[in-house]
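# Structure assessment
Given next are the chains, with one letter for each unit.
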Amino acid sequence: MALKSVETSNPRAVATPVTDTAERALLDRIARSRDQAAFRTLYGNYYQRLTRLLARMSVRREDIEEVINDTFWVVWTKASEFRGASQLSTWIIGIAYRRALNALRRAKLRPVADHEFDEDSVSVGSTEEQETNEQWLSLGLERLPVEQRMALELTYTLGHSCEEVAAILDCPVNTVKTRLFRARETLKQVLPQLAGMSGEKS
Amino acid sequence: MSARVPDTHAEAWALLPWLANGRIAPEDREWVEGHVAGCAECRAELAAQRLVVSQVERDEAAAPAPAASEEQRSFNKLWARIEAAESVSASSASSAGTPVPAPRAARTVRWLAAAVVVQAIGLGVIGLAMFGQSRNDAFVTVSSVEAPRANAPTVRIVFSPDASIATINTLLTHQGLSIVSGPGTSGNFTAQLSADAVASGASAESVAAVISRDPNVTFAQPVAR
């Protein structure tokens, strides 16, 4: 598989205790002294991560900046209200997720809902498989309802734990497991790369 | 391990994504790994999920990172919006003795603020370009602002960062606008309508509506007098 060798920072960098502590210090400076430099640093920590996540949610390119800036508008105005019960990253990404859902609704581009899913129309395994091999996963992800896709993206792309995904999506842990379960089943139906790997369920 | 180990196939199956991404809870790891070791179906599913993880990593590595300039431009827009909103908040609080508006209220000035934002960049470009202009040039420049006239219709404008000085000059001239102040702290300019333009029926509202549709203008709004 031909991969572009592009040097990037690791967008999968999940908040560790160290980074969470550092980011909380930034948020504290924002809350206490309206520190622009701290705000700029925190913005930079999330800009690339959110840009890619929102693109994968099918948020329109022209809406992505607005969603990110709306998110950080909330961070700026609510910095003193962050209680710290969760990681700062789950708070920020959760805000972005809800803003993105609003943007998708406004754009009427929300991906197909569960009940609209038609597996006959979504197979991406075909004679074009070789040509599209590099994007095979993306093609499958595009077929998922947004809630399932987000659960999967947060788990695999950003590397969050189940509990963190639940905090971001503001839903119970079991709902996260269910969404990911259904996403996995769908991907196996539409992606021949995965279909052959899992045995039939007993 | 512990007494809470459910050790059921379904529960282990549900947790496989976090075994694959390495973020499974420590208290679950041992029993899930124990189940997977003895379950061919879960081993195959774990392999599939690890394939997804590796493909995600490939996709992420191959995706071009947003340009640093793009990030800075976005931040500048946000910061201008914040400055504009806080300026409004401060003035309304001082004039009416009211508390600072809630974020929702501040959102109402979002377009104003957003427009003001881009000018931070635009004004820098404009300022540099203007700096190079001869004082004899006919351009309306920040350094040659006209004296404000009382009660003249006034418009607040933020120009696109891509707008050239010549374009801005043409735009202002065609509308009968003269810059009377600016850039403000957020980079916005204040312009007034000429007496001739007013005599021909133009108003701050009509001019703002016209120029706000111009691609060289990020934001334009009549100023209440």
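Criteria and thresholds
Residue indices begin from 1 for each chain and proceed along its sequence in written order. By the order in which they are written, chains take letters starting at A while ligands take numbers starting at 1. Local features are withheld for residues below a pLDDT of 70 in this predicted model, meaning they are given only at 70 or higher, and side-chain atom pairs are given and counted only at 80 or more; totals for whole chains, interfaces and linings count all residues. Only heavy atoms go into the side-chain values, all of them from the structure, while hydrogens and water stay out. What counts as a helix is a DSSP run of H or I of at least four residues, what counts as a strand is a run of E of at least two, and both are numbered from the N terminus. Burial classes follow relative accessibility: with a 1.4 Å probe on protein chains only, a residue under 20% of its type's maximum area counts as buried, one over 50% as exposed, and anything between as partly exposed. Here the open area of atoms and residues is found with the Shrake-Rupley method and a 1.4 Å probe, where only the protein chains shown may cover a residue. Strands are labelled as partners when DSSP assigns at least two bridges between them. Working definition: a ring pair exists when centres of Phe, Tyr or Trp rings (six-membered ring for Trp) sit within 6.5 Å. Plane angles under 30 degrees give stacked, over 60 give edge-to-face, the rest tilted. Criterion for a charge above a ring: Lys NZ or Arg CZ within 6 Å of the ring centre, and within 35 degrees of the ring normal. In plain words, nonpolar cores are sets of buried Ala, Val, Leu, Ile, Met, Phe, Trp, Tyr and Cys residues tied together by side-chain atoms within 4.5 Å. Working rule for contacts: check all heavy atoms of both residues, and any pair within 4.5 Å makes them a contact. When two parts are brought into contact, each loses some accessible area as probed by a 1.4 Å sphere; the total of that loss over both is the buried area. By definition, a salt bridge exists where a carboxyl oxygen of Asp or Glu is found within 4 Å of a side-chain nitrogen of Lys or Arg. Pairs of N or O atoms within 3.5 Å make up the polar contacts considered here, provided that, within protein, one atom can donate a hydrogen while the other can accept it, and that residues adjacent in sequence are counted only when both atoms are side-chain atoms. Polar here means any residue outside two lists: the nonpolar Ala, Val, Leu, Ile, Met, Phe, Trp, Tyr, Cys and Pro, and the charged Asp, Glu, Lys and Arg; Gly therefore counts as polar.

### Things to note about the overall build of chain B
When helices and strands are tallied, chain B shows 9 helices and 4 strands. In sequence order, the secondary structure elements of chain B are arranged as α-α-α-α-α-α-β-α-β-β-α-α-β. The buried share of chain B, reckoned over its 225 residues, is 43%. Entry remark: accessible area of chain B is about 10900 Å², with carbon and sulfur atoms responsible for 56%.

### Some remarks on the pairing of strand 3 (residues 189-193) of chain B
All names here are of chain B. Counting buried residues along strand 3, 5 of its 5 residues qualify, which places the element largely inside the surrounding structure. Of the two faces of strand 3, the one lined by Phe189, Ala191 and Leu193 and the one lined by Thr190 and Gln192 are each fully buried. Pairing between strand 1 (residues 154-159) and strand 3: 4 bridges, direction antiparallel. The residue bridging Arg156 from the neighbouring strand is Thr190, located in strand 3.

### Examining the packing of aromatic side chains
Under the defined criterion, the tally for this structure stands at 12 aromatic pairs over all chains. Ring centres of Phe39 of chain A and Phe75 of chain B lie 5.7 Å apart, and the angle between their planes is 55 degrees; on these two criteria the pair is classed as tilted. Pair noted here: Phe39 of chain A is in helix 2 (residues 36-56) and Phe75 of chain B is in helix 4 (residues 68-96), and the two residues belong to different chains. Here Phe39 of chain A and Phe75 of chain B have matching classes, each one buried. With a centroid separation of 5.2 Å and an interplanar angle of 65 degrees, the aromatic rings of Tyr43 of chain A and Phe72 of chain A are classed as edge-to-face. Residue Tyr43 of chain A is located in helix 2, and its partner Phe72 of chain A is located in helix 3 (residues 61-78); the two are separated by 29 residues in the primary sequence. The residues Tyr43 of chain A and Phe72 of chain A share a single accessibility class, namely buried. Grouping aromatic residues by their ring pairs yields a cluster made of Phe39, Tyr43, Tyr46, Tyr47, Phe72 and Trp76 of chain A together with Phe75 and Trp79 of chain B. The side chain of Arg34 of chain A reaches across the aromatic face of Trp76 of chain A, ending 4.1 Å from its centre.

### With respect to the nonpolar core
Formed by 82 residues in total, the largest nonpolar core has its most connected members in Phe39, Leu42, Met57 and Phe72 of chain A. Among the elements that take part in this core, helix 4 (residues 88-107) of chain A stands out by supplying 11 residues, more than any other. In terms of nonpolar packing, the next biggest core, distinct from the first, is built from 19 residues, Val155, Ile168, Ala191 and Ala208 of chain B among them.

### A short note on the interface of chain A and chain B
Contacts between the two partners involve 56 residues from chain A and, on the opposite side, 47 residues from chain B. Taken together, the two surfaces of chain A and chain B that pack against each other cover about 4900 Å², and 57% of this comes from carbon and sulfur. Taken as a group, Trp73, Tyr156 and Arg184 of chain A account for 17% of the area that chain A buries against chain B, more than any other trio of residues on that side. For the pair chain A and chain B, the number of links is 10 salt bridges. A salt bridge links Glu86 of chain B to Arg34 of chain A, with the shortest nitrogen-to-oxygen separation between them at 3.7 Å. In this structure, the connection of chain A to chain B is made through 20 residue pairs in polar contact (both at pLDDT 80 or more). Of all the secondary-structure elements, those providing two or more residues to the side of chain A that touches chain B are helix 2, helix 3, helix 5 (136-141), helix 6 (146-157), helix 7 (162-169), helix 8 (173-190) and helix 9 (192-195) of chain A. Partitioned by chemical class, the residues of the side of chain A that touches chain B number 20 nonpolar, 17 polar and 19 charged.

Don't take any of this as a statement about function, it's just geometry.
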